[in-house]
Structure formats: C-alpha cells, structure tokens
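In case you want the letters, here they are:
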Amino acid sequence: MSSDGTRRVELPETMLRDGTRRVELLDTTLRDGAQMRGVSFSVEDKLKIARCLDDMGVGLIEAGIPGSNPKDMEFFERAQALEFKHSALVAFGSTRRVGSRAEDDASLTALIRSGAGVAALVGKCWDYHVREVLATTYDENLKMISDSVLYLAGKGLRVIFDAEHFFDGYAADAAYSVECLEAACSAGASTLCLCDTNGGAFPSQVSASTSAMAARFAGRATIGIHCHNDGGMAVANTVCAFESGAHHIQVTVNGYGERCGNADLCAVVPNIQLKAGCICLPPDRLGQLATISRQVSEIANIPHIESSPYVGGNAFSHKGGMHIDGVEKTPLSFEHIDPSLVGNARSFMLSEVSGRGFMLRKLRQIVPNADKNSPVTHMVINRLKELEHEGYQYEGAEASFELEIKKLLNMYEPHFSLIEYKVIVSEPSIDGMGAAALIKIRVNGQVEITADEGDGPVEALDRAIRKAMERFYPQLGKMKLTDYKVRVIDSGKATAASVRVLIESTDGADTWTTIGVDKDIIHASWKALLDSMEYLLMKDAGATAGQAR
C-alpha cells in the first residue's frame, strides 16, 4: 500500500527500449466473439483458436467465464496443459453480487480456480445501470468494485477492470464514472478498460474521454479500450483511443461479437502496427493475419467476409481498368499497403470493365501475338460484354473464360458432345437418393447411355456423366467438386429469373472454377459441370503435349 491507501501494482510495459510504443492486445474471440449470433464454439474449437492466437503472438486470450457453464469449465481445465509461447489466459467475470461478500461469491471463486493468471472483471460505471439494472445504491456499487478487485488481487491475480458502459456513464455523470475507476485502481486493478458497451460512442467522444483518463491515472494504471460496432465505428473508436493514450486494446478476430460485433483485430492491429509504428504483435507474426482470419472463420463455420479490410479476398483485388493499369505500374497508386505484410495477395478480376490492357494480357496467354487493335481482341471483348449482359461473370470463373475464348477462336475441340439428358426428382427419397439422371453422349464417335442416382439432380448428373466418360478419360476419376454456389440474377422475375451457378473443382493439384447461366437451375448447373470436366481434359491434354515436345 502507498501512503494514500492505494495498492501498488506492476503495470504492463508500454514502451520498448528503442522508444517504440507497445500496446497490450487482448483477444476476446472465445468470450465476446462466442456471443455472436450463429457462433457456437466447442471446447475443441476454443482450444484450436487459442493455439492460433498464441502462435500469432497475441498477449492475452480472454477465454470465457469459468463457472458459468460446463464448456468453459472444461476449457480452462484442459487449457492448463497447453504450453503457450506468447499468450496468457484471461478468465472473465463480474463484481460480487449486491449485499454479498467477495469471498463468498461463486463467480469470483471460479475465476481463482480457473488457473488463469489474469482476471477481466466487469463492473457498472453508468449511474443509470446502477439504479435500473443492479437496483442498488451508488456507494454499494463502488464497494462491489473495490471488494472484488481487492479479493482477486489478494489471491495473486492480475486484474483488468472492464468499465462497463463507461462512455455512456461519463456523458451522464462523469464524476461518478471516474469514482468507479478510482475504486478499481485503488483496490489493485492494473488496467482500467473503458468499454463502449452499447457501441454508440463517436470517435470524438472516445478521444476526449480516453485522453482525460490517461492523464488522470498516469503511473497508477494502464488505460484500455473495448468497443462494440453498433454504430459501425468500433475500429475507428479503438484507433482513436489508442491515439489518445490507451495502451491496452480488446478485439476479436473478424470482429465477431454480440449484436453487430466488436472491434476487429484484423483491422485494428495493422492500422496501429503498420500505420502508427506501434507494436501489437511480434513483427514476424503479422504476416499470419490473413491465414488466422480464415482459420477462425472455418472453425466458426461462418463464411469468410471477403470485403474485410486487410484480410478479405476483395482487399487487394482490382477490377476497373484504370485501377489495374495503375497497380501494375506502381502498386501504391491503388493499394495503401503491400498485401504480403498481412499475408494477403493481390488479384485482378476479369470483367467487361477490366480495361483493354488487362484483357489483352489475359488474351495473350491464349493468343501470344494478339495486340490491342487486332480483330481477335475486339471480338473477344465484344463476346465478353455479351456474356456478362446475359449474366455471366468471369472474375471468379476464369476456367470457363479460357474455354469460351478457345471455342470462339476455333482453338478447341470438345472431348465429348451431349445428345440429351433427363433428370427425375423423387420425393420422398429412398436411402437419401432423391434424384436420378439419364445421360446420352457421344465420345470419339461412340454413343454412350448411362444412368445414376444422387441426393440431388446435380450429383445425379455428375455421377452419370462420369460413369459414361471415365472409360474414355480415366483422369476424371481424380476430379472432385469442392464448392457449388447459386445466385439469382434478376430476383424481380421471381421463379422465371435466370440463375448463375459456380462450381469449384480440383484434381488434387490444381483448383478451378466454372460457370453456367440459365433460367433452369439444373441446366445452368449442367453447363458449369461440363466446363469443369472439359477444363480438366484440356489441361491434361496441354500437359501431355508439352511433355511430348
């Protein structure tokens, strides 16, 4: 204790020896992120994510609420056997109950028994919540904060005090909100994390409040920030708090979290580390960011957000001709960072707006002597525009584009031709086989008729055509369909609308995507399916010809 009764605590390092500012990063994907609609992590999921975060170099991993449910209890038990290289586990809980003693509070006891060396303790800092939610007095709330922090710190835990609804409370009654922080600090909290729990604060509000608290508690406690995204400003508010003196930042991977989510680690960290020259992660780990983002998406079983800054597939993808031309001359013209710094990559999208220069480069892969004024270039560009008007989009289906161009230029002869196909869908299905397909094709002058079943019409067609063709082209046996997407092009036409089908296939070595468009979803699927097979046969024929030469 100091002479004024304040407990002395060891504060996190905020500056490196070379003068570089350091920010402590707390990831709460496993706690706050797990509260996102549609997310349900198993214990194994949480262990996998914890290992990913540790490997990336995250300092603190807030892993859950021990004692609140069997899943989190099991996680903390099993996590004690993990050997983290960079991370420390954080257990989350709340202040003692109204009118009780800290040592009798089951949730506080669970924090101690969790085995985590750090506790994140949430307490009310808005007078409105004290009155209307806790239904207690302002003095009792202050004692709840002080007693709880004192008890945990006395048991050897480092305490991070999460000042719930701080910005709303500071706007309503600044003096009382600061009293709450003082109570936590005096009892031994090393970090006072200002929480925009409702997610409605503005950057100017966050900056002013954070700056004031950083000055008030300088040398006594580190100021932190925890932002929700209800106003779409979680990342901006977090960066503003950092610029105003926060040295502890709470985030989640991909911005997962309650309601509209939390501040996104994948945007906050590169903004601070690459743009502001501050250390959040070990410099040699930042290149893992895009991979970690996708790994967590896979574990959460949620489609990756391709529009995400820094780590999304769209982040460094260029479609407009002027953009493509500029980036090829100097990447800085339309890219704010080198994508490799965060483990991402640049890509160019093929479309009618890609520009003649980019189209010509793609065409020269097929016709090396083509130039921008040649008839073949004009013919290809006009054909692409016609197809995109019909609903085709080749930016994600370059295998179909290559086939289409070669057919247009009489550079490709199909390996088979369709005579007819029939599909029958049966309900209820028998043994999961709800569809049957009959295929009649011509291969090398021979007519083949085969049939097969599947759990849907696309699988039935796939199995039937493979049965017909594998006798002639055994390499089709190694091809697998890995993804299937359907998009309605003109929803205003209801059931008469055309659909766009994308099929992703692989032979174990390469992956390619093909497209089909039609008002009949089965026929659109058939077109994409045939292209996927034709592309493999064309690819293998090209490889064989190359070996022969």
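Residues numbered from 1 in each chain as written. Predicted model: local features only at pLDDT ≥ 70, side-chain atom pairs only at ≥ 80, totals over all residues. Heavy atoms only, no water.

Let us now look at the overall build of the protein chain. In terms of helices and strands, the protein chain carries 17 helices and 16 strands. Here the protein chain holds 549 residues, and the buried ones make up 51% of them. Sequence-distant contacts in the protein chain: of pairs separated by 6 or more residues, those separated by 24 or more amount to 65%. Per element, the accessible surface of the protein chain, about 25,000 Å² overall, is 50% carbon and sulfur. (Helix = DSSP H or I, 4+ residues; strand = E, 2+ residues; numbered from the N terminus. Buried < 20%, exposed > 50% of the residue type's maximum accessible area, 1.4 Å probe, protein only. Contact = heavy atoms within 4.5 Å. Areas by Shrake-Rupley, 256 points an atom, 1.4 Å probe, with all protein chains shown as cover.)

What follows deals with the packing of helix α8 (residues 203–216) against helix α9 (residues 234–243). In the contact formed by α8 and α9, the axes pass within 8 Å of each other and the chain directions differ by 25 degrees. With respect to α9, the element α8 is oriented roughly parallel. The way α8 lies across α9 gives a crossing that is right-handed. Contacts between α8 and α9 pair P203, V206, S207 and T210 from the former with A236, N237, C240 and A241 from the latter. (Axes fitted to C-alpha atoms, helices over the stretch in contact; angles between N-to-C directions. Parallel < 35°, antiparallel > 145°, perpendicular 65-115°, else oblique. Left-handed = near helix turned anticlockwise from the far one by under 90°.)

Notably, A135 is not glycine yet its phi reads approximately 55 degrees, a positive angle. For A135, a relative accessible area of 61% gives the class exposed. Of note, the phi angle at Y310 is positive, near 70 degrees, even though the residue is not glycine. Relative to the elements of secondary structure, Y310 occurs in the loop between α11 (289–300) and β9 (317–318).

So, about the sheet that holds strand β15 (residues 499–506). To summarise the sheet geometry, strands pair through backbone hydrogen bonds and adopt either a parallel or an antiparallel arrangement. Judged by pairing direction, the sheet is antiparallel, and its three strands sit side by side in the order β14-β15-β16 without closing on themselves. Looking along the sheet, the strands with just one partner apiece sit at the ends: β14 (480–488) and β16 (511–518). Shown here is a sheet whose adjacent strand axes are inclined to one another by a mean of 20 degrees, direction ignored. The pairing of β14 with β15 spans eight bridges and is antiparallel. For R487, the partnering residue across the bridge sits in β15 and is R500. (Pairing = 2+ DSSP bridges.)

With that settled, the discussion passes to the packing of α9 against helix α10 (residues 265–275). Running from amino to carboxyl end, α9 crosses α10 at an angle of 35 degrees, the nearest separation of the two axes being 10 Å. The hand of the α9/α10 crossing is right-handed. Taking contact as the criterion, the partners of V235, T238, V239 and F242 in α9 are, on α10, A267, V268, N271 and I272. A breakdown of the residues in the contact of α9 with α10 according to their chemical character gives six nonpolar, two polar and no charged. (Nonpolar A, V, L, I, M, F, W, Y, C, P; charged D, E, K, R; others polar.)

With that settled, consider helix α3 (residues 106–113). Turning to α3, its buried residues are L108, T109, A110 and L111. Positive phi shows up at G115, right after α3, with a value of about 90 degrees.

The next point concerns the nonpolar core. Among the nonpolar cores identified, the biggest contains 89 residues, and F75, F161, L181, L192, I249 and L265 are the most heavily contacted of them. Broken down by element, the residue count for this core peaks at eight residues, all from helix α7 (residues 174–187). (Core = buried A, V, L, I, M, F, W, Y, C linked by side-chain atoms within 4.5 Å.)

Turning our eyes to something else, we now look at the sheet that holds strand β5 (residues 158–164). Spatially, eight strands are ordered β1-β2-β3-β4-β5-β6-β7-β8 in a closed barrel, and the strand pairing comes out parallel. If you compare each strand with its neighbour and ignore which way they point, the axes differ by 25 degrees on average. Inspection of the sheet shows strand β7 (residues 222–227) paired to strand β8 (residues 248–251) by three bridges, in the parallel sense. Counted as the bridge partner of G224 is H248 from β8. Contacts between helix α1 (residues 43–56) and the sheet are confined to β1 (24–27) and β2 (60–64), with β2 contributing the most and set at about 170 degrees to the helix. The strands touched by helix α2 (residues 70–79) are β2 and β3 (88–94); relative to β2, the strand with the most contacts, the crossing angle is about 140 degrees.

According to the stated counting rule, one finds zero disulfides in the structure shown. C193 forms no disulfide, and the closest cysteine sulfur to it belongs to C195, at a distance of 4.4 Å. C240 forms no disulfide, and the closest cysteine sulfur to it belongs to C227, at a distance of 9.1 Å. (Disulfide = S-S within 2.5 Å.)

Applying the stated criterion to the full structure yields seven aromatic pairs. Their ring planes at 40 degrees and their centres at 5.2 Å tell us that W126 and Y128 sit as a pair that is tilted. Its relative accessible area of 16% is what places W126 among the buried residues. Both rings, one in Y138 and one in Y176, keep their centres 4.9 Å apart while their planes meet at 45 degrees; by these two values the pair is tilted. Of this pair, Y138 sits in helix α5 (residues 138–154) while Y176 sits in helix α7, placing them 38 residues apart in sequence. Classification of Y176 by relative accessible area gives buried; the value is 4%. One aromatic cluster is present, built from ring pairs that chain together F166, F167 and Y170. The lysine or arginine in question, R31, covers the ring of F92, its NZ or CZ lying 3.7 Å from the ring centre. (Phe/Tyr/Trp six-rings, centres within 6.5 Å; stacked < 30°, edge-to-face > 60°. Lys NZ or Arg CZ within 6 Å of the ring centre and 35° of its normal.)

With that settled, the discussion passes to the pairing of β8. Side-chain alternation along β8 places H248 and Q250 on one buried face and I249 and V251 on a second face that is also buried. Across four bridges, the pairing between β1 and β8 is parallel. Each residue of the ladder has a partner; that of L25, found in β8, is I249. Read as a crossover between parallel neighbours, the route from β7 over α9 to β8 is right-handed. (Right-handed = clockwise from strand over helix to strand, strands pointing away.)

A word on the pairing of strand β13 (residues 446–454). As paired strands, strand β12 (residues 433–443) and β13 are joined by nine bridges and run antiparallel to one another. Bridging across to β13, I439 finds its partner in T450.

Turning to the pattern of salt bridges, a few remarks are in order. Within the structure shown, the criterion is met by 24 salt bridges. Between K46 and D72 there is a salt bridge, with its nearest N and O atoms 2.7 Å apart. Within this pair, whereas K46 is found in helix α1, its partner D72 is found in helix α2, the two being separated by 26 residues in sequence. Among the residues examined, K46 registers a relative accessible area of 2% and is labelled buried. For K124, the salt bridge identified is with E164, shortest N-O distance 2.9 Å. Here E164 lies in strand β5 and K124 lies in strand β4 (residues 118–124), a separation of 40 residues in the sequence. Among the ionic contacts, a cluster of salt bridges with common partners joins D452, E459, R463 and K467. (Salt bridge = Lys/Arg side-chain N within 4 Å of Asp/Glu carboxyl O.)

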